[in-house]
Amino acid sequence: MEFVNYFKSIIDEDQCAVVICNLAHEIIYMNPAAIIRYEKRGGQALVGQSLLDCHNLKSTEKIKKVVLWFEESIEHNRIYTYYNEKENKDVYMVALRKEDGTLIGYYEKHEYRNRETAKKYDF
């Protein structure tokens with residue numbers, strides 16, 4: 001199970017917020033960027049809470065529909081949900097599956113469109 005630490009490290013170092021939910025829509029993990037991003041809504045205290053409580057009725061229905069779509073096929077794994085103009089990013093919902101393809105949860109993936117401004121290999 002040592003590899004679990006590698007996966008956790010990847011998620012924790014992502015500069016984008018990562019909120020992982022199980023199929024009951026409970027928040028089971030938030031990376032450090034998510035804890036900071038959602039500080040005003042409770043930050044770390046959101047773990048164990050329902051993601052649906054953080055959304056309006058329209059968004060809640062969309063989340064449920066996406067999860068049903070994920071369940072329809074092991075090939076349904078990623079869906080574009082919106083573009084955030086203020087932050088210049090695309091947002092997706094991504095399925096989480098066991099090795100056998102069984103759906104176990106989902107997370108929201110943010111992909112910023114801003115070009116990197118750091119110098120290459122700037123130690």
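Here the structure is shown first, and the text comes after it.
This section reports on the structure supplied with the text.

About the cut-offs
- As a convention, each chain's residues are numbered from 1 in the sequence order in which they are written.
- For this predicted model, a pLDDT threshold of at least 70 governs which residues receive local features, and a threshold of 80 or more governs which side-chain atom pairs are given and counted, while totals over whole chains, interfaces and linings are taken from all residues.
- Excluded from the side-chain calculation are hydrogens and water; included are all heavy atoms of the structure.
- By this definition, two strands are paired if DSSP reports at least two bridges between them.
- Runs of H or I in DSSP of at least four residues are treated as helices and runs of E of at least two as strands, each being numbered from the N terminus.
- Counted as salt bridges are all cases of a side-chain nitrogen of Lys or Arg within 4 Å of a carboxyl oxygen of Asp or Glu.
- For every residue, the accessible area (1.4 Å probe, protein chains only) is compared with the maximum for its type, and the residue is labelled buried under 20%, exposed over 50%, or partly exposed between those bounds.

Next up on the list: the pairing of strand 2 (residues 27–30). Within a regular strand, the side chains alternate between the two sheet faces. Pairing of strand 1 (residues 19–22) with strand 2, which is carried by three bridges, proceeds in the antiparallel orientation. From the neighbouring strand, V19 faces strand 2, where its bridge partner is M30. Here strand 1 hands over to strand 2 after four residues, with H25 in that stretch at a positive phi of 70°.

For the rest of this paragraph, the subject is the pattern of salt bridges. All chains considered together, the criterion is met by six salt bridges. Between K8 and D12 there is a salt bridge; the shortest N-O distance is 2.5 Å. Pair noted here: K8 and D12 are both in helix 1 (residues 3–13), with a separation of four residues, about one helical turn. By relative accessible area, K8 is classed as partly exposed at 42%. In this structure, D14 and K109 form a salt bridge, with 3.6 Å as the shortest nitrogen-oxygen distance. Highlighted residues: D14 in the loop between helix 1 and strand 1 and K109 in strand 5 (residues 103–112), separated in sequence by 95 residues.

Interpretation in functional terms is not warranted from these geometric data alone.
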